[in-house]
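Observations on the model geometry
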Amino acid sequence: MKKIYTLALSVFAVLPFTAVAQEVSNSMLINLKSGETVEYVLSDIQNITFKSPEQTASAYSIAVPKTFNTGWVQKVMVDGKQVAEICREYIKSITAQRDVIYPCDENGRADLSKGLTTLGETVVWDLTANTATVTGSAAADAAATVYYIDGEITLAEAGEAVAATVIPDVISDRRGTELNTYTIVKIGTQYWMAENLRATKFTDGTTIEAISESNADAWKANKTGAYLTDSEADWVKVAGYLYNGYCVTSEHGIAPEGWEVPTQEQLTKLRSAGNLKAMNFKSDVPMTWGDGATGNNITGFAAVATGYYSTATGLNSMYSETWFWSSTKYYDAMSRGDNLDTLRVTSTTTGNVVVSSSTFGGHALEFGHAIRCIRK
């Protein structure tokens, strides 16, 4: 709170401050530490304001959510500005999930070198290696409240702390009249959509062609971008749509603003951060995979078994696997056409997530796969 003290001074009130005080004077001399003397005519002065340095509250209490049903990443807000971030995230180095709080910079970006878990451990991420160093002994019980004090996160109570507001960090993706909202998850040093894309328009608002599963000829003929329709609305909310690769390569754009379709390298980092295991990436919600094939979803990626679409097989492998497009394109000599790299998650209980190699194993643009985007 800014404090300003204003004093209306008479001639007699001003005189004690003059460097040269005389019984009769119509000016005030002020000797500065620099050696300079400044003179003011008293009749010109209406009042003198003594202004203390601006002071703002520097301590805030943060109530950690008991559940993260509204999103794996939560924003800590003070007076409309984000000062911190709370993430429920998987940390590979300790093979465990933690609730971690990070202070944010002036642009609302989390400082990943200053993380603190609700168990009292410090978390420092290496942005290049995409790995975390966790130090300190974990407390038996997680703190329900943490504190933001002068840009640092602490468990030490602050007596005069002001309560901050905690809200979900989500993507509001508006494309013309269409609005989709997606939750976000932090995996390693990357931020991902925690849901599959379900847009029916490109980023610039251009309509994406909707093609029925039974219309293989139209799907094969499309070179401008299409998605597979026929899915029930409730399933679309869970699994999104399957898009052909031309949606990824289209100049109209397919990712929400500030996000992008991941490269093969970014998918490889994701795979490593989740400790490779498909189980860690798969949704734990019943009916999103076949019987006995749901995962533990410890990473929060929540992959759903969408299957894939091709004109040769139709919609295939529903409830047993899912594929995601990358933006990394290469020419495939065997098919004599462009391919895009992919990430594949299968229903096998002991299998690993598979990322194609950028030279072999990707899919032609005619395939239909899900899309997840990564924050730029």
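First things first, this report covers the structure right here in the doc. Bear in mind the structure is a predicted one, so any value in this text is a computation, not a measurement. (Residues numbered from 1 in each chain as written. Predicted model: local features only at pLDDT ≥ 70, side-chain atom pairs only at ≥ 80, totals over all residues. Heavy atoms only, no water.)

What about the overall build of the chain?
Counting secondary structure elements, the chain contains 6 helices and 30 strands. Here the C-alpha atoms of the chain give a radius of gyration of 29 Å, more than 25% beyond the 21 Å that 2.2 N^0.38 yields for 376 residues. With the C-alpha coordinates aligned to their principal axes, the bounding extent of the chain is approximately 105 × 50 × 35 Å. Looking at the chain as a whole, 47% of its 376 residues qualify as buried. For the chain, the accessible area works out to roughly 19000 Å², and carbon and sulfur atoms hold 51% of it. In the chain, the 30 positive side-chain charges and the 41 negative ones have mean positions that sit 4 Å from each other. (Helix = DSSP H or I, 4+ residues; strand = E, 2+ residues; numbered from the N terminus. Rg over C-alpha atoms; globule rule 2.2 N^0.38 Å. Buried < 20%, exposed > 50% of the residue type's maximum accessible area, 1.4 Å probe, protein only. Areas by Shrake-Rupley, 256 points an atom, 1.4 Å probe, with all protein chains shown as cover. Lys, Arg positive; Asp, Glu negative; His and termini not counted. Charge placed at Lys NZ, Arg CZ, Asp CG, Glu CD.)

Describing the nonpolar core
Among the nonpolar cores identified, the biggest contains 36 residues, and Y102, L197, Y243, I254, W259 and I371 are the most heavily contacted of them. Broken down by secondary-structure element, the contributors of at least two residues to this core are β7 (81-91), β8 (96-103), β10 (122-126), β17 (178-187), β18 (190-193) and α4 (245-249). For this core, the leading source of residues is α4, giving 3 residues. Not counting chain neighbours up to four residues away, the residues in contact with I371 comprise N196, L197, Y243, V248, I254, V261, F324 and W325. One finds A194, W219, A226 and A303 within the second-largest nonpolar core, a separate group that totals 28 residues. (Core = buried A, V, L, I, M, F, W, Y, C linked by side-chain atoms within 4.5 Å. Contact = heavy atoms within 4.5 Å.)

Some thoughts on the packing of aromatic side chains
In total, this model carries 11 aromatic pairs according to the counting rule given. For the ring pair Y308 and W323, a centre distance of 6.2 Å and an interplane angle of 75 degrees mean the geometry is edge-to-face. Placement of the pair is Y308 in strand β23 (residues 308-310) and W323 in strand β25 (residues 321-332), with a sequence separation of 15 residues. Comparing Y308 with W323, the two get one shared label, buried. Taken together, the aromatic side chains of W192, F281, F301 and F324 make up a single cluster linked through ring pairs. (Phe/Tyr/Trp six-rings, centres within 6.5 Å; stacked < 30°, edge-to-face > 60°.)

Let's talk about the environment of C87
You can see C87 is positioned in strand β7. For C87, a relative accessible area of 1% translates into the label buried. The spacing of C87 and V73 is 14 residues in sequence and 4.6 Å in space, taken between C-alpha atoms. When sequence neighbours within four positions are dropped, the list of residues in contact with C87 reads F68, W72, V73, R98, D99, V100, Y102 and K186.

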